[in-house]
Every structure is written in C-alpha cells, then in structure tokens.
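Coordinate analysis (summary)
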Amino acid sequence: MAAVLKKRALAEYNKSFQDGPSSKKLHLVKKPLIGSSAAAFVGLLEKCKSSDEALQLLLRISDCLQFQESDVEEAIKKLSEHFQSEEESVVRVKILWLFCDIGLECPGANLNNLIDETIHLIKNETSHKVIAQGIATLLKLGNKLSEDKILMTRLVTVARDNLKDTSHQVKCRCLQLISELYPICPEPDRTAEMITEANVIIKLLGDYSNAEDARVRCEAFQSLLTLHERGLTLSVDLYDPVCAALSDDYEIVREVALKLVWLLGNKYPENTVTLQDGETTMRLVDDAFIRICSAVNDLCMQVRALSCSLLGTTRAVSDRFLLQTLDKQLMSNMKKKRTAHERGAELVRSGAWASGRRWADDAPGQLLEQAAVQLLPGGAAGAFVHGLEDEFMEVRTAAVEAICQLSMENPVFATTSLDFLVDMFNDEIEDVRLRAIDSLTRISHHIELREDQLEIILGALEDYSMDVREGLHRMLGSCTVASKTCLEMCIDKILENLKRYPQDKRSTFRCVQQMGSKHATLVLPLTTRLLGVHPFFDMPEPDVEDPAYMCVLILVLNAAQHCSTMLPLFEQHTVKHYTYLRDTMPHLVPPLPIGDTQQSRSEKNEAEIDDSAVRRFFDSVLQHIDNVTLSTSVRLKMLQSAEEQLNKLSEMEPMVSGAANFTALFARCVLSLHAALHASAPPAHALQQLATDCLRLQHQFSGVSEQESACVSQLALRVTAARLAGARAAHHAAALTHQAELLDRLLASAGVEPDPFTIAVFQQLSLSGDHKPAALARAIQPLLLSAPLPTIPRPNLKIRMCSASIIEPATDNDTVLRFCAGLIAGVALEAEVVRVRDPHALRVRVAYPDTRVHALVPPRDHLRPLDHTNTNDDGTQNVRLLTKVLISHGVWTEPCGVDISVCLAVEEGGGRDAAPLIELCKPVRVTVAPKPIKRGI
C-alpha cells in the first residue's frame, strides 16, 4: 500500500500542464529533502543559547522521530556531546529518553552502541533523576537484546552498582532491571554456580525489602514476583520476612506481600511452620491461608479485594480452616476463646467462690502481654463473612467469586456457604447479584435448595433487570430442590412472574425444561394438579398458545421421559398438544412413546441422517449439469430444476439445510447471470441483486472449504465484470482489479485451477497496468458472452448458514406507533441470530416508505449469548439481540409501514461505498404515524 501511495504521489508531482496555445510544458518535480527533519533539529542543538531552547528542540525531535539510517549515528553522537555540556538535569533526562526512543523506533539504530553510551553517560552522573532515566533506558533497550547473556549480566552489574544510590527512584529502577534482565537458564541446564548466583540475587532483593522507603520495599517484593514468573524458584526461607511485611504501614507493600505469601503457600503446601508459642506446628498453606484471611479486615479496599481473590485460588487448604472462614466466633489457634463475661457467668453457675479452704483459690490470673490481647477477631474466623458484608462492591464481588471457586472443589464447603451466597441475592448492586447467581449456578451439582433459601431466591425473580431474571432461570434449571413443596413453590412463582414479564418466555421455557428433567419423581405427584386432570369430570381443554400452559407442558413432558408411570395420566388433548409442541419446539420437548405414530415427524428429522444417502441425492440432482456435451438451454433447465429440489430439501432436512441452501443459491446466481448477460440491456437492479447473492455465498455460510470458496470467488468475478460491462464506471473497474487480486491469492492457496474466463481476465488485466473503464469493459464483454457456465461445487454437508429470527415486534402486530414528527420513537427489538462469525458485524436495517434506509449499529452490551447453545463446532456463535430501534421522520398524512430487519455488514475492500448489508431474515413491518407538533398552549 505504501508503494502504491508513493507511486501515486510521484505521478501527481510529475504531471505536465499546457496553458493556452503555447507549446511550452511546465514540468513540476518534487525536490528531495536534504536529510531528515529530526536530524536537522539535532544539528541545531549546538546553537541553543539556553537550556529552555534545548528542551524545546528536544521535544520537537521527539515529536517527529524520523531519522535516515545514515543519520542515526551522527545524531546520537551530537546528543551525547550536548549531554556532557548541559547543566540542566531536565535536558539530560530528555536526551536519555530520546536514546530509548531512537533505539526502539528507528530501524538503523545500533542498540549495543546506545547501551554503551548510556552507561558511559550515567557513570559519573550526580542527578538522581538522570540516573533513574538512564537505568530505565537500559531496561527498555535490554529487553530487545535479552538473548545476549553477557550483555544482560553487564546490565545487571550496572544496576547493582547503582543500588547504593540514596534516591528511591534509582533503587526502584535498578531492582526492576535486575528482576527483568537477570539471565535465567532452564532448570535442567543450571549448574551449581548458577544456582549460587541466583540465590545471591534473591538475597539481595530480599534485603531491600527492609529499606526505609515504602516504594523500595514494594519494588523489592515485586521484583521477587517477577523472577518467579520468569522461572526462577524462590526459597521457602523468604516466608517469614514476607509475613512480617503484612503488617507494613503502607498498603502498596501489604498488597505485594500478600501475593508473595499466596505464592509460597501454594508452592510449598506441605512444609511446616512453627507458631508463636514455639510448640504448635502447622502446614505452610494453612498458615498462609490464615494470614490472607486476616487481610480481609485491612483498612485499604484494594488489599481487602486482593485478599478475597487470593483466597479463592489457594489450593489444598484443610477443611477446618475453610469452614472457619464462614463462622464469626472468636477463635485463637482453632480453640474457642471465651469472653470475660462468659467466664464470670460460668463461675457464678458453678458456685465456686473463694472460701479460703483452698490455697490461692482467688489468686489473680496469668499476666498477659499487651500485644497478645486482640479486641477484634483474627485469623480465618469469619473472613468470608466480613468480605460479603464489606461496604465496597469490589470486595463483595471478589468474596463471592472466591467462595464459588472453593466450593467447586469442596462439596462440604459448598453446602455450608450456600446460605451466604443466597443472601447476596439481595445485594444493592446488580453486578454483585449477578455474580452470586452465576456462582450458585456453577456449584449447583454440590447443593440442594431448601424452602427458606427458595423464598429468597424466588423473591429476586421480581427484579427489574432482565439479566438477573434470566440468570435466576439458569440457576433454577441447574439446581436441585429438596422436596415437592419446594418444586411447587418454584413452579407457582415462575408462572406468576411470567405474567409480569412476558418477554422472559424463552428463558422460562428452558428453565422448566431442565427442572422437569432433574425432578421427575417430584413432578409425578403434581402432574394431575398442573394439568388440571379431575378424577370424575372432563375439564375444559387449555389453550396450547398460553405461555403458562406451555410452561407446564414442557415441565411435565420432560419429567415423563424419566418417569414412565406419568404417561397414563395424560388426557387425550394433552397427547395432541405434545405432538404440536414436538413439531414446533423440538429442542424443548423430548421424544415420548405416546400418540398415534409413536414418533413424530420432527423426531425423524432429528434422527441421524445417512450422509451417503444425502450425497447420492445431491449427485443425482447435479450429475448432468456440468456435462459440456449438452446444450446450454438443457443445462439451464436442469439447473432450475435442481434449485427447486434443493430448496425443498432444505425445508425437509434441517441438518443439511446449509449445504442445500448454499448450492441452490449458487445455482440461482448462475441462472440470473446468464439471463442478465443475454438480455438486450442488463437491468442494474438485477446485477445489484447478483452482487448481493455473491456476498451471501461468501459471508453468510460457514464450513465452506477453500475449493468451494474459489468457485464462489470466480462467480463473483464474473458478476463484477458484468457490472463493469453494464455501467462502465471507474469504481467497477477498481472493484474488478481488487477482486482479481484476491482471487489469484485464493486460487494459489487452495490449489484450484482457474476456469477459462478467469484465465482470460487475468491475461487482459496483465496486458497493461492502467485500464480505462470503457476500454476494459469493451475487452471484457466478449469474454463474458463466450465463457461457459460456471462449475457447480460438489456438495459439502458441513456447510451451515447464518440466519436470524425476529421475535419482537411480532409480524401480526397491528398497533400504530404514534409520535411527534421530528422526534425519536423507540421500538423494542428482540432477535436470535445463529451461526454468526462476528457478532459485532450485525446491523439493524430500518427502511422507510420514502426509500430511505438506515443501518443502525447495536451497542455491544445488547448482544447476549443464547442460553441453549452459545458456540458451535465450526467456531460460529449464537447470539440474542435485545435493543431499541430508533425511528424518526417528518409529518405523514397517514400511517405507513417501516421495515425492520437484522443484517450482516460485510467489507468488500475494493469500493468507496459503505459496507453492503446482507439480510439474515425477512423484514418485520411496524406501522408508524408521525403527527405534527401542536402549536400554542
């Protein structure tokens, strides 16, 4: 692209112009620049009279950092000379900053020379800021040469020498350089000398964790973490000094110390540590867990949130410590600590007063040290309770997530923490409620819901947020309830909530489907009540279109597949309704041995399809189309018949509808192209529709092989050539050239031989680099007319088609939307899109009666994954679009229809127009009546 632009620019500057009858020609030539602008600025440094002028000049150099390769070394030399003569530290800092930028961005820079020059300049430097910037420059340049072990060792030595500096900035930079550039060999290749040197480095960094400045202490601990991430093993001896840092006065130190405690606890879980009493021993991971629990009561919110997050990722913790995090009783070393009031009350109850009969029975108790008395609970006692009751949302969210992670691996902890997670359903923040709902869904295989818990959960179903309600539906569908009463409570509340929020119908259907499958034995005693079966009287037949009755049917029918004794309880109309639901919603209703045929048509459709039979059908349909001995008219008739048969196959066999639709659409394009080429004047709208169909073949189908893509691209090349022959426009010629370039690369990668027309187009385009549209159209038109019919690709049963279905607004909606002309009205849109490659390419197309068309981009948070299937085997996604379509227009004399559809925006890359749209569904018409604004009072 850069070469093309350069060629275009040179062509513009070398044009010849003729003015009037004179024969003289004006030849404009762009003069080349002598040197680069940045190099010219560097040359002006020696003329600066003050440090301010030098700083301004350096800033301009930094803004236009473009050097020619021959100027880089000279520029570095001049910058270095000015550094040595400059008195202001700010200017020297900027020069070292420029060294870093030149080394990283300029292609001709020698990084080794820059590093040597930087080391030389900061060797005798006295300014702390300049030394810190020099170390930062060495760090960034050294990261580019990390394979050079000798250089890395030299840089580490420079950093160790500058660690003696009194500035915290210099120390922090040096510690960072040591941790990131210290050469670390793979563990099998390490010698004893390397291990000793590594231990020296770890000890050096550990020593600086006792520095006076908190920023240096924080950087020392962070450097240890960086060394561990790079593969260096940290010693368990660091545990004690790191634990001491947990009581540091500064939160930045406590935060990074927490990470180190967690790291060492998970790395050496079975090591033992001795507690303060000098006798009790404990596993290292348990002690680390208790210390992290203590940080839940930290004064800093970030430390509390981090400690909760680390608790969830601590593994191999003993159950007694895990369970203690959910109990707020005062504990000390896992022993119950009684308050003074409790001890006095026990003494009164026992009647053991000082009578003088026993020696020293009223002597004072043991003298306690002041530091040993804790007024607040410490250790693991109630850590998660404190986290869930924290005032900040970040801490509560981290605590919920940590409880979920620990519960997934420990069923006992999951059962104990259930009440706490259920209580979080009443949190004031929606994100916390959603996290609690999602956590309960993930641990559903460990828990069983009781009545008191269900009361809180079902109360949250009235939440105004659709995300919360749908999350609760997923959670109820995945959980197990304890009794028939619990199930009855769930069903009644779900049906009641469905009347309040009818838009939740689909997620409710999936919820009751899973509930019925999980609770077949509990649904059995409720079947007669749910279906309204009376032992003596014939009850009226319910309306099968009623959402509440459909929920009951889905629940009962999914339970019946696991409980055969339920089938004789069904009335005759229930069996008929089962057949209807089985045909209309096969993904929600399972196959059951009831009805006249014992197996519905939908079940036969969903049965495993014999690939060989379908392939034989495809071959029989397409066997004579590519026979060149037949006349073109006969082949076209056969192609039209094949299109009709493939369309019928796509309706009958949903599993191969993608392949059938792909081949039928390809056949339709061939027929339309032949008709357009042999017409006296090919209509523009027919060619436009052909181009849209080619885009559908390229972007609406997934699972297409490279060979099939090559066939589609060759067909698209013919369509583009036909549009050029019909319109003879410049953008059509550019599109043809762009299409040919893409097709050339595709044919080479797929290993497909081009057809005769493609070869002829390639030859025509290669004759001259520049073609005028009219001349190119005259050369292409006879090639189009003489070219044989395109080859129909062989059937590929893995092809799937992207499609959309609009649920709301309904197609039969007769309500007129009235609003003031010129203002905006919102129409609620709910659509489901299946097998889309890039959900962010979806658009909402709004077509007005005056032929104006708007393509609206839905916000990203309005695209939600579908519950039943989020992703597919071919990498495509299934999404649900919930958005508001904004409609606005002037005054109309009478209500008219506005068409709303879901489309896919595709980028052609060869034209100037906006991205074309591919409709994924039929438009839904909404009747709109903009009314005039009333004037006056």
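Residues numbered from 1 in each chain as written. Predicted model: local features only at pLDDT ≥ 70, side-chain atom pairs only at ≥ 80, totals over all residues. Heavy atoms only, no water.

**Considering the overall build of the chain**
Broken down by element type, the chain carries 38 helices and 18 strands. Across the 937 residues of the chain, 45% fall into the buried class. Look at the contacts in the chain between residues 6 or more apart in sequence, and 70% of them connect residues 24 or more apart. Here the chain has roughly 50,100 Å² of accessible surface; of this, 52% comes from carbon and sulfur atoms. (Helix = DSSP H or I, 4+ residues; strand = E, 2+ residues; numbered from the N terminus. Buried < 20%, exposed > 50% of the residue type's maximum accessible area, 1.4 Å probe, protein only. Contact = heavy atoms within 4.5 Å. Areas by Shrake-Rupley, 256 points an atom, 1.4 Å probe, with all protein chains shown as cover.)

**Some thoughts on the pairing of strand β15 (residues 877-887)**
On a regular strand, each side chain points to the face opposite its neighbour's, so the side chains alternate between the two faces of the sheet. Within β15, 8 of the 11 residues are buried, leaving the element largely enclosed by the surrounding structure. Where strand β11 (residues 825-836) and β15 come together, 10 bridges link them in antiparallel fashion. Note on β15: the bridge partner recorded for valine 836 is glutamine 877. Bridging between strand β14 (residues 863-865) and β15 involves 3 bridges; their strand directions are antiparallel. (Pairing = 2+ DSSP bridges.)

**Observations concerning a negative patch on the surface**
A contiguous patch of negative charge, built from Asp52, Glu53, Glu87 and Glu88, is present on the exposed surface. Counting through the fold element by element, glutamate 87 comes out in the loop between α4 (69-85) and α5 (89-105). Residue classification places glutamate 87 among the exposed residues on the basis of a relative accessible area of 74%. (Patch = residues over 30% accessible without salt bridge, like charges linked within 9 Å, V, L, I, M, F, W, Y side chains within 5 Å. Salt bridge = Lys/Arg side-chain N within 4 Å of Asp/Glu carboxyl O. Lys, Arg positive; Asp, Glu negative; His and termini not counted. Charge placed at Lys NZ, Arg CZ, Asp CG, Glu CD.)

**As for the packing of helix α32 (residues 632-652) against helix α33 (residues 657-677)**
Between α32 and α33, whose axes approach to 8 Å, the crossing angle comes to 150°. As the angle between them shows, α32 and α33 are arranged roughly antiparallel. You can see that α32 and α33 cross each other, and the crossing is left-handed. Each of Thr632, Leu636, Leu639, Gln640, Glu643, Leu646, Asn647, Leu649 and Ser650 in α32 lies in contact with α33, whose residues at this interface are Ser657, Ala660, Asn661, Thr663, Ala664, Ala667, Arg668, Val670, Leu671 and His674. Its residues assigned to classes, the contact of α32 with α33 shows 9 nonpolar, 8 polar and 2 charged. (Axes fitted to C-alpha atoms, helices over the stretch in contact; angles between N-to-C directions. Parallel < 35°, antiparallel > 145°, perpendicular 65-115°, else oblique. Left-handed = near helix turned anticlockwise from the far one by under 90°. Nonpolar A, V, L, I, M, F, W, Y, C, P; charged D, E, K, R; others polar.)

**Details of the pairing of strand β16 (residues 896-905)**
Where burial is concerned, most of β16 is hidden: 9 out of the 10 residues are buried. In the sheet, strand β12 (residues 842-847) pairs with β16 via 6 bridges, with the strands oriented antiparallel. Residue pairing in the sheet places valine 846 in a bridge with isoleucine 900 of β16. In this sheet, strand β18 (residues 924-931) lies alongside β16 in antiparallel orientation, the contact comprising 5 bridges. For cysteine 896, the partnering residue across the bridge sits in β18 and is valine 928. Sheet analysis places β16 next to strand β17 (residues 917-919), joined by 3 bridges and oriented antiparallel. Opposite cysteine 903, over in β17, you have glutamate 919 as the bridge partner.

**Details of the sheet that holds strand β9 (residues 803-808)**
Here we have 4 strands laid out as an open sheet, ordered β9-β11-β15-β14, and antiparallel in their pairing. Each of the sheet's edge strands pairs with one partner strand only, and the pair in question is β9 and β14. The average undirected angle you get between the axes of adjacent strands in this sheet is 25°. Both β9 and β11 contribute to a ladder of 5 bridges, which runs antiparallel. Paired with alanine 804 across the bridge in β11 is valine 833.

**Concerning the pattern of salt bridges**
Under the counting rule described, the total for this entry stands at 33 salt bridges. Of the charged contacts, one joins aspartate 286 and arginine 283 as a salt bridge, the two residues approaching to 3.2 Å between their closest N and O atoms. Across the pair arginine 852 and aspartate 850 runs a salt bridge, and its minimum N-O distance is 3.3 Å. On the accessibility criterion, arginine 852 (38% relative accessible area) is partly exposed. Under the relative-accessibility criterion, aspartate 850 is labelled partly exposed at 35%. Look at the salt bridges and you will find they share partners, linking Glu401, Arg435, Asp438 and Arg442 into a network.

**Re helix α28 (residues 547-560)**
In an α-helix there are 3.6 residues to a turn, and that puts residues three or four apart on one side. The end-to-end C-alpha distance of α28, which contains 14 residues, comes to 20 Å, matching closely the 20 Å that a straight helix rising 1.5 Å per residue would cover. With 13 of its 14 residues buried, α28 lies for the most part within the structure. (Expected span 1.5 Å × (residues − 1).)

**Here's the deal with the environment of cysteine 243**
Relative to the elements of secondary structure, cysteine 243 occurs in helix α12 (residues 239-244). On the basis of relative accessibility, which here comes to 9%, the residue cysteine 243 falls in the buried class. Along the sequence, cysteine 243 and valine 261 sit 18 residues apart, while their C-alpha atoms lie 6.8 Å from each other. Apart from residues no more than four positions distant in its own chain, cysteine 243 is found in contact with Val261 and Arg291.

**Let's talk about unusual backbone geometry**
Peptide bonds are mostly trans, and most non-glycine residues show a negative phi. Put simply, glutamate 808 and proline 809 share a cis peptide bond, and its omega is 5°. Of note, proline 809 is situated in the loop between β9 and β10 (816-820). A positive phi angle, near 60°, is found at arginine 835, a position not held by glycine. Structurally, the position occupied by arginine 835 is in strand β11. The exposure class assigned to arginine 835 is partly exposed, which follows from its relative accessible area of 24%.

**Quick notes on the nonpolar core**
Counting residues in each nonpolar core, the largest one holds 187 residues, and the members touching the most others are Leu440, Met475, Leu476 and Phe570. Counting residues per element, this core draws most heavily on α28, at 12 residues. Counting 60 residues, the second-largest nonpolar core is a separate cluster that includes Val621, Leu636, Ala740 and Leu776. (Core = buried A, V, L, I, M, F, W, Y, C linked by side-chain atoms within 4.5 Å.)

**Focus on the side chain of aspartate 463**
Position of aspartate 463 among the secondary structure elements: in the loop between α22 (451-459) and α23 (466-478). Polar side-chain contacts of aspartate 463 include one of 3.1 Å to the side chain of arginine 433. Residues contacting aspartate 463, with those up to four places away along its chain left out, are Arg433, Val468, Arg469 and Tyr501. (Polar contact = N/O pair within 3.5 Å; in protein donor to acceptor, adjacent residues only side chain to side chain.)

**Section: a nonpolar patch on the surface**
Among the surface-exposed residues, Phe536, Phe537 and Met539 lie close enough to one another that they form a single nonpolar patch of about 400 Å² accessible area. By the secondary structure assignment, phenylalanine 537 is in the loop between α27 (527-531) and α28.

**Some thoughts on the confidence of the model for the chain**
Mean pLDDT over the chain: 84, with 87% of residues reaching 70 or higher. Within the chain, the element-level pLDDT minimum falls on helix α1 (residues 2-13), averaging 38, and the maximum on helix α19 (residues 393-409), averaging 95. Below a pLDDT of 50 lies the segment residues 1-36, which in the model reaches 21 contacts outside its immediate sequence neighbourhood of four places, other chains included. The low-confidence segment residues 373-377, where pLDDT is below 50, has 3 contacts with residues more than four positions distant or belonging to other chains. (pLDDT = per-residue confidence, 0-100.)

**Points about the packing of helix α35 (residues 706-727) against helix α36 (residues 730-750)**
Where α35 meets α36, the closest approach of the two axes is 9 Å, and the angle between their N-to-C directions is 165°. Here α35 lies roughly antiparallel to α36, going by the angle between them. Considering how the two elements wind past one another, α35 and α36 form a crossing that is left-handed.

**Regarding helix α11 (residues 214-229)**
Taking 1.5 Å of rise per residue, 16 residues should cover 22 Å, and α11 covers 23 Å from first to last C-alpha, within 8% of that figure. Burial within α11 is extensive, with 12 of its 16 residues counted as buried. Looking at α11, one finds that the buried residues are Ala214, Val216, Arg217, Cys218, Glu219, Ala220, Phe221, Ser223, Leu224, Leu225, Thr226 and Leu227. On its buried face, α11 sits against α9 (168-181), α10 (192-207), α12 and α13 (251-267). The distance from a side-chain oxygen at the start of α11 to the backbone nitrogen of arginine 215 is 2.8 Å, and the residue carrying that oxygen is aspartate 213.

**Thoughts on the environment of valine 256**
Structurally, the position occupied by valine 256 is in helix α13. Considered as a pair, valine 256 and phenylalanine 221 are 35 residues apart in the sequence and their alpha carbons are 6.4 Å apart. Beyond its immediate stretch of four places on either side in the chain, valine 256 contacts Cys218, Phe221, Gln222 and Leu225.

**Digging into the environment of alanine 716**
Residue placement: alanine 716 occurs in helix α35. You can call alanine 716 buried: its relative accessible area is 6%. Counting along the chain gives 27 residues from alanine 716 to leucine 743, while the straight-line C-alpha distance between them is 9.5 Å. Apart from the residues lying within four places of it in its own chain, the contact partners of alanine 716 are Cys694, Gln698 and Gln739.

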